[in-house]
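Chain and residue survey
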Amino acid sequence: MQGAAARFLAALIELLSSMRFAVSLLTMLAIASVIGAVVQQNEPANAYLNQFGQFWEPVFARMGLYTVYGSNWFLAILAFLVLSTTLCIIHQSVPMLREMRGFREHAREASLRLFARHANFAPALPPAARRGAVTAYLAGAGFRFRVNEREDGVLVAARQGAAGRIGYFLAHAAIVLICVGGLLDGNLPLALQIRLGGKVPTSGDQPVARIPASARLDPDTWSYHGNLYIPEGGSADFAVLGANDGILLQSLPFKVALKRFRIDYYASGMPRRYASDLVITDNDSGESFERTIEVNKPLEYRGVTLFQSGFDDGGSILRFALRDLVPSRRPPHPLDGEVGARLPLAGMGYDYTLEITGFRPINVENVAPPSDDEPFGGFFGGARPQTSENLRNLGPVFTFKLRDAAGQAREFNNYMLPLEIEGRKYLVSGVRASQSEAFHYLRIPLDGDAADTWFAIRQIFFDPERHAALARRFTERSLDAADEITLRDRLRETAENTLALFARGGLEAISDFIEKTEFTDRSATEEDRQHVGAAFIQILQGLVWDAWMSAREAAGQTALETSDGHAPFIRDTLLALADSIRYGAPLYLQLTGYKHRQATILQAARAPGKPLVYTGSFLLALGVFAMLYIRERRLFVLLKDDEALVAMSSNRKTIDTDETFAHHCAGLAAALGTASAGPEESP
Amino acid sequence: MKLASSPPSPSAPLAVRETETAPPMPSARKEWLKRRDFGDWFYALALLAAASVAFLRYGEAMDGYDTAILALHVPILAALGWAWRPFRLFAAAVAALSLAGIWLYQGDLARAEQIFFLKYLFSSQTAIAWMSAFFFIATGAYWIGLLARSGFAGRTGSVLTWAAAVMGATGLFVRWYESWLLGPEIGHIPISNLYEVFVLFSLFTALLYLFYEGRYGTRKLGAFALLVISVSVAFLLWYAFTRGAHQIQPLVPALQSYWMKIHVPANFVGYGGFALAAMAGVAYLPGLQKLFAGRLPAPEVLEDVMYKAIAIGFAFFTIATILGALWAAEAWGRYWSWDPKETFALIVWLNYAVWLHLRLTRGVRGTMLAWWAIAGLLVTTFAFLGVNLFLSGLHSYGSL
Ligand code: HEM
């Protein structure tokens, strides 16, 4: 019984430390890693739902495919690798050490003759001198050797390159070191804190003050890796760790305050440098010091390393002009808000809340596709960049959401400065109903440099109470008093209806109308449609003009001469009016000023396993080179009275072993006075 | 004198080889020093002189790292040239052409279009175009040499491959200088985007191949080795023409690190080795051996090339991955964050660790190793390209 158990154990160890097991382990590890690389890790649950669907998502979740590298089975593979490598080292150590020290000076002649590489020749030197000649040669060639005088002759057993074996120990011990160090720094400690330490992650969106002690980790946590968000002038003494869909607060042994966050740009407008000017204050000693950290230039203090990982808005103050898009006669209304704030707009008579979500003072965009006028995009010659000319700074941009009473929100993306498009200036505002859509852009044409004009026109155009007056004005201008009443009335009606239609559904509404009423009979040709359509457009443009003029009068400005010069503005205005119907907001927010305030996003990491991993890595590199490039060679020279027998063995089968053998044969033959021609050349 | 050295065939190419390319045998340290000829010492002195001049002229602009790296170049390049004599000439040619190119610029990038020699030879893009052309022709020459058993074609192949390597290296060095001409803030070593590293890859693979060509005294492998290079050059040209990838762009902050300068080249020695091993593997396959009856190198030689190439590839890839971890620790705050690129580096590394162990396991035959090496190249290619194409990650550069 005893024996059986022992034998089983021995067999098990044999298996675990076997090369085949190593091979299969490494292969499994590789395959596991592939999974982890192909399936995006640590995504929010619903992302996986979309990706894999109702059925598979939970299955994969159970298999731990979303956190492969933290999953038990992956850790199990690593554990096996450690175990197996360790056993392998132990298992190999005894024979290897023997190999390294021993010379095998008792090898029998018969077995030497069975070596794959052996040669023999008749030494010319007198027997007395041979031994000395051989040992001299071997010493010269960098061999260590032992001489054994035996009845069948003198055997000189030599070896070199034993260090290769040391390489084996280094490299494989290194694997163990690295794995262990890696496990210490991985999320295993955190998982333990949660499982055993009674820590429970809470939801991320709640004020820090409200986060319970159960979700706070004390500074001496073994290892962690979390984020700090610090606005300019603000400070933080904790890092936020993500832990299964929730967060934990990791308190730090020091306080980090941000004086200033800086971005430097290349001439092209591409960011060149992110830097945070920090003040670190030690919690215990209370003393503090200043330090600037950058990408690739972290700061290490009290075992914690701080890295520049990102940036964000730190609550910039924005000043807006709020313009009504619903019928009203109010002038633009000033409004202040901080990025991140939620402002109820009830005060301005809107049943909406304004959520200011983001602000960027500099916004470099690629405004034109790369020019490919040169053949091969200018492949030849100096590799000068071309695309940078297309990058332009479009100035400040801010994003906000308008949430109605029902909680429905639309997202907007407004440019502060007018953008120049084909030589004409526009206020640009993007809108979308959901994160997944792209922004649809509303281009509001400027009259000269004034944005007011368009808004004034719009007020008139979309205000039913003013339609009658506008229509009348239009008719007056289009027809002179001579025309008879009925015609004028008809035109006025048409104008009024057109306005009503347009206000309801823009140009679509009008084309629908054309379809329904004008062309009830099938006879109508495409041409007729064109005509009628054009007529309506003409009426609308005319109405725009009159709305413009009456707006000017209201503002106490002089009327303008009708001229083609105004045509583009009229056209743009009409288009913008049509688009503005689908804008989906009762108001327009125009950025008039701002006070920029940035925030830096740092990462705080504690990785006590690092020294282990780094030493391991160093040993690994050393060991691998030793194993691969220090060739172990054993050379046996058996000197008999009429013959010299040379045999060589190596622990790796490579061609240069044969070559080395040939080389030494020649050398030894020469040393023993035999006229030597290297190895015979085979045909 | 009787000598039973089995198997006899592999030692044949070595035996006929002139000692010029004899391997540095640790067993012969003393002889190794004795074998140094005048050229070796002159070469070493030239290196020393070059480094000293560089230091005297630019020393005050260099920090500790720069100085250390500059100093290290002397022994490393010397050792390379001593162990592999043709490299001395290569180094000299590259130095001469690069300096010529830099000198012709006179600090003005516009001259790339005006000066004849810049326009048609030395400006980085032109040099790289020459490299591409030479590689393509060399591939053809090697194949003719292989099929028609023409020694001349084979020799032409190697000459052209050497020429291509020289032009490629020159192109990179001149490009480096051009990047500084674009602006002192923009200047950076040209191994920071996919286009540049493809040049690097072709260059390293070619040099590795040329080393083994001399080492084993056979040009027959060239036809296969140059195939990989040609493919990568083809990609490089496509990438440049369709995407304008050859334009020098400033470095994103994450790449402004000293580690890049050693991490990337180390990686590409690895990739080069793996690519070469795979092509040796292809030539090893019994099917091809039959097909090209007697035209291919002996299986033993190919097996050996495979091992040596994977060995050097693995060794350098190990270092590269470690350097990558050190860099990641600085840039991302963790030495290992299981980012797809990292993970695939690990996979590639494990794959070749497996290969090396397979080779040591009893009963694993060469054909299996050959197939494994070929599959290995596919994995490597994915790690090198596929990850950037299909998987998102922290590795900001080199996305197509
Ligand atoms: C990531 C893990 C590993 C790496 C990177 C690695 C690397 C290496 C390398 C480079 C060699 C030299 C191969 C050659 O000279 O051709 C080697 C040899 C060897 N490895 Fe591993 N190895 C690993 C895991 C293991 C494991 C788990 C075992 C045992 C269960 C093992 C057992 C051996 C043995 C016995 C040798 C031969 C040593 C000799 O004969 O000199 N290795 N290993």
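Residues numbered from 1 in each chain as written. Chains lettered and ligands numbered in written order. Predicted model: local features only at pLDDT ≥ 70, side-chain atom pairs only at ≥ 80, totals over all residues. Heavy atoms only, no water.

With that settled, consider the overall build of chain A. For chain A, the count of helices and strands is 15 helices and 26 strands. Taking 26 Å as the expected radius of gyration for a compact globule of 683 residues, we find that chain A reaches 42 Å, considerably beyond that expectation. When contacts within chain A are restricted to residue pairs at least 6 apart in sequence, those whose partners lie at least 24 apart make up 64%. Measuring between centres, the 69 positive side-chain charges of chain A sit 10 Å from its 76 negative side-chain charges. (Helix = DSSP H or I, 4+ residues; strand = E, 2+ residues; numbered from the N terminus. Rg over C-alpha atoms; globule rule 2.2 N^0.38 Å. Contact = heavy atoms within 4.5 Å. Lys, Arg positive; Asp, Glu negative; His and termini not counted. Charge placed at Lys NZ, Arg CZ, Asp CG, Glu CD.)

Let us look at a nonpolar patch on the surface. Together, F8, L9, L12, I13 and L15 of chain A give the surface a local cluster of nonpolar side chains, amounting to about 460 Å² of exposed area. Relative to the helices and strands, I13 of chain A is located in helix α1 (residues 2-16). (Patch = residues over 30% accessible without salt bridge, like charges linked within 9 Å, V, L, I, M, F, W, Y side chains within 5 Å. Areas by Shrake-Rupley, 256 points an atom, 1.4 Å probe, with all protein chains shown as cover. Salt bridge = Lys/Arg side-chain N within 4 Å of Asp/Glu carboxyl O.)

The subject of this paragraph is the nonpolar core. Grouped together as the largest cluster of nonpolar side chains are 153 residues, with contacts concentrated most on F90, F224, F268 and W355 of chain B. Considering every element that reaches this core, the biggest residue donor is helix α10 (residues 194-216) of chain B, with 16 residues. With residues up to four places along the chain from it excluded, the contact list for W355 of chain B reads M306, Y307, I310, L369, W372 and A373 of chain B. If you look at the next biggest cluster of nonpolar residues, it comprises 65 residues, including L442, I460, A471 and Y583 of chain A. (Core = buried A, V, L, I, M, F, W, Y, C linked by side-chain atoms within 4.5 Å. Buried < 20%, exposed > 50% of the residue type's maximum accessible area, 1.4 Å probe, protein only.)

Let's shift gears to the packing of aromatic side chains. Aromatic rings in a pair are described by how distant their centres are and how their planes are angled relative to each other. By the definition in use, this model includes 64 aromatic pairs over all chains. Relative to W338 of chain B, the ring of F74 of chain A has its centre 5.4 Å away and its plane inclined at 85°; by these criteria the two rings are edge-to-face. Pair noted here: F74 of chain A is in helix α4 (residues 72-101) and W338 of chain B is in the loop between α14 (299-331) and α15 (340-360), and the two residues belong to different chains. Looking at W338 of chain B, the relative accessible area reads 26%, which means it is partly exposed. Both rings, one in F268 of chain B and one in Y271 of chain B, keep their centres 5.0 Å apart while their planes meet at 80°; by these two values the pair is edge-to-face. Of this pair, F268 of chain B and Y271 of chain B both sit in helix α12 (residues 258-284), three residues apart, which is roughly one turn of that helix. You'll find F268 of chain B and Y271 of chain B in the same group, each marked buried. The ring of F103 of chain A has R159 of chain A sitting right over it, with the charged end atom 4.3 Å from the ring centre. Geometry around Y426 of chain A places R443 of chain A over its ring, the cationic atom sitting 5.6 Å from the centre. (Phe/Tyr/Trp six-rings, centres within 6.5 Å; stacked < 30°, edge-to-face > 60°. Lys NZ or Arg CZ within 6 Å of the ring centre and 35° of its normal.)

As a further point, take the coordination of the iron atom of the ligand. Bound to the iron atom of the ligand are the protein donor atoms H172 of chain A (NE2) and H357 of chain B (NE2), situated 1.9 to 2.0 Å from the metal. Classification of the site at the iron atom of the ligand rests on its six donor atoms, whose angles at the metal span 88 to 178°, yielding the label octahedral. Residue H172 of chain A is located in helix α7 (residues 163-185), and its partner H357 of chain B is located in helix α15; the two belong to separate chains. No difference in accessibility class separates H172 of chain A from H357 of chain B, as the two residues are buried. (Donors = N, O, S within 2.8 Å, 3.2 Å for Na, K, Ca; no water. Tetrahedral: all angles 85-135°; square planar, octahedral: opposite > 155°, others 65-115°.)

Moving on, we come to the packing of helix α8 (residues 124-147) of chain B against α10 of chain B. Residue and element names in this part refer to chain B. α10 packs onto α8 with a crossing angle of 40° between their chain directions and a minimal axis gap of 12 Å. Accordingly, the angle class assigned to the pair α8 and α10 is oblique. Where α8 crosses over α10, the two elements pack in a sense that is left-handed. Of the residues in α10, those in contact with Q125, I128, M131, F135 and Y142 of α8 are Y195, V199, S202, A206, Y209, L210 and E213. Across the contact of α8 with α10, the residue classes tally to nine nonpolar, two polar and one charged. (Axes fitted to C-alpha atoms, helices over the stretch in contact; angles between N-to-C directions. Parallel < 35°, antiparallel > 145°, perpendicular 65-115°, else oblique. Left-handed = near helix turned anticlockwise from the far one by under 90°. Nonpolar A, V, L, I, M, F, W, Y, C, P; charged D, E, K, R; others polar.)

Within this structure, the stated rule accounts for 43 salt bridges over all chains. Taking the shortest distance from any N to any O, the salt bridge between K308 of chain B and D304 of chain B comes out at 2.9 Å. A residue pair is termed a helical-turn pair when its members lie 3 or 4 positions apart in one helix, as K308 of chain B and D304 of chain B do in helix α14 at four residues. Each member of the pair K308 of chain B and D304 of chain B is classed as buried. One salt-bridge network, held together by shared partners, links E99, R104, R165, E632 and R634 of chain A.

Residue and element names in this part refer to chain A. Spatially, three strands are ordered β13-β12-β23 in an open sheet, and the strand pairing comes out antiparallel. Edge positions in the sheet fall to β13 (333-338) and β23 (587-595), since each of these pairs with one other strand and no more. Across this sheet, the average inter-strand angle for adjacent strands is 30°, counted without regard to direction. Here strand β12 (residues 317-324) pairs with β23 via eight bridges, running antiparallel. Residue pairing across strands places D324 opposite L587, the latter belonging to β23. (Pairing = 2+ DSSP bridges.)

Residue and element names in this part refer to chain A. Counted residue by residue, strand β19 (residues 409-415) has five buried out of seven residues, so it is predominantly covered. The pairing of strand β18 (residues 397-404) with β19 spans seven bridges and is classified as antiparallel. Looking at the pairing, V397 lines up with Y415 of β19. Once β18 ends, the chain turns through four residues before running back antiparallel as β19, passing G407 with a positive phi of about 90°. Two strands pair when backbone bridges link them, and β19 and strand β21 (residues 424-432) are joined in this way by four bridges, in the antiparallel orientation. Opposite F412, over in β21, you have V431 as the bridge partner.

Tracing the backbone through its elements, the reader meets D512 of chain A in helix α11 (residues 485-518). The spatial distance from the C-alpha of D512 of chain A to the C-alpha of L501 of chain A is 9.9 Å, given a sequence separation of 11 residues.

A separate point is the site of the ligand. Near the ligand you find 25 residues, and of these C88, H172 and R652 of chain A together with Y307 and H357 of chain B are the closest. With respect to the ligand, its neighbouring residues span chains A and B. Taking H172 of chain A, its side chain carries an N or O atom lying 2.7 Å from a nitrogen atom of the ligand. Measuring from an oxygen atom of the ligand, one finds a side-chain N or O atom of R652 of chain A at 2.7 Å. Elements that contribute at least two residues to the shell around the ligand include exactly α2 (19-38), α4, α7 and α14 (610-629) of chain A together with α14 and α15 of chain B. Class assignment of the residues belonging to the shell around the ligand gives a composition of 16 nonpolar, eight polar and one charged. (Near = heavy atom within 4 Å. Polar contact = N/O pair within 3.5 Å; in protein donor to acceptor, adjacent residues only side chain to side chain.)

Before going further, it helps to examine the confidence of the model for chain B. All names here are of chain B. Scored by pLDDT, chain B comes out at a mean of 85, with 90% of its residues at no less than 70. The low-confidence segment residues 1-28 (pLDDT under 50) makes 65 contacts with residues lying over four places distant or belonging to another chain. Within the model, the stretch residues 394-400 combines pLDDT values under 50 with 23 contacts to residues more than four positions away or in other chains. Per the prediction output, this complex has pTM 0.82; the corresponding ipTM is 0.88. (pLDDT = per-residue confidence, 0-100.)

With that settled, consider the domain arrangement of chain B. Parsing chain B into structural domains produces domain 1 (38-83), domain 2 (89-240) and domain 3 (252-400). Taking only C-alpha atoms, the centre of domain 1 of chain B and the centre of domain 3 of chain B are 30 Å apart. (Domains from an automatic or database assignment.)

Let us look at helix α13 (residues 567-581) of chain A. A rise of 1.5 Å per residue sets the reference length of α13 of chain A, with its 15 residues, at 21 Å; its end C-alpha atoms lie 22 Å apart and thus fit the reference within 8%. Buried within α13 of chain A are the following residues: F569, I570, D572, T573, L574, A576, L577, A578 and S580 of chain A. (Expected span 1.5 Å × (residues − 1).)

Residue and element names in this part refer to chain A. Mapped onto the elements of the fold, K595 is located in strand β23. Looking at K595, the relative accessible area reads 57%, which means it is exposed. C-alpha of K595 to C-alpha of S203: the two residues are 392 residues apart in sequence and 31 Å apart in space. Non-local contacts of K595, meaning those with residues more than four positions away in its chain, are made with S316 and I317.

Time to look at the environment of G101 of chain B. Residues and elements named next belong to chain B. By the element assignment, G101 lies in helix α5 (residues 86-105). We classify G101 as buried; its relative accessible area is 0%. With 22 residues separating them along the chain, G101 and S123 place their C-alpha atoms 6.6 Å apart. With sequence-adjacent residues up to four places away left out, G101 is seen in contact with L118, F122 and V174.

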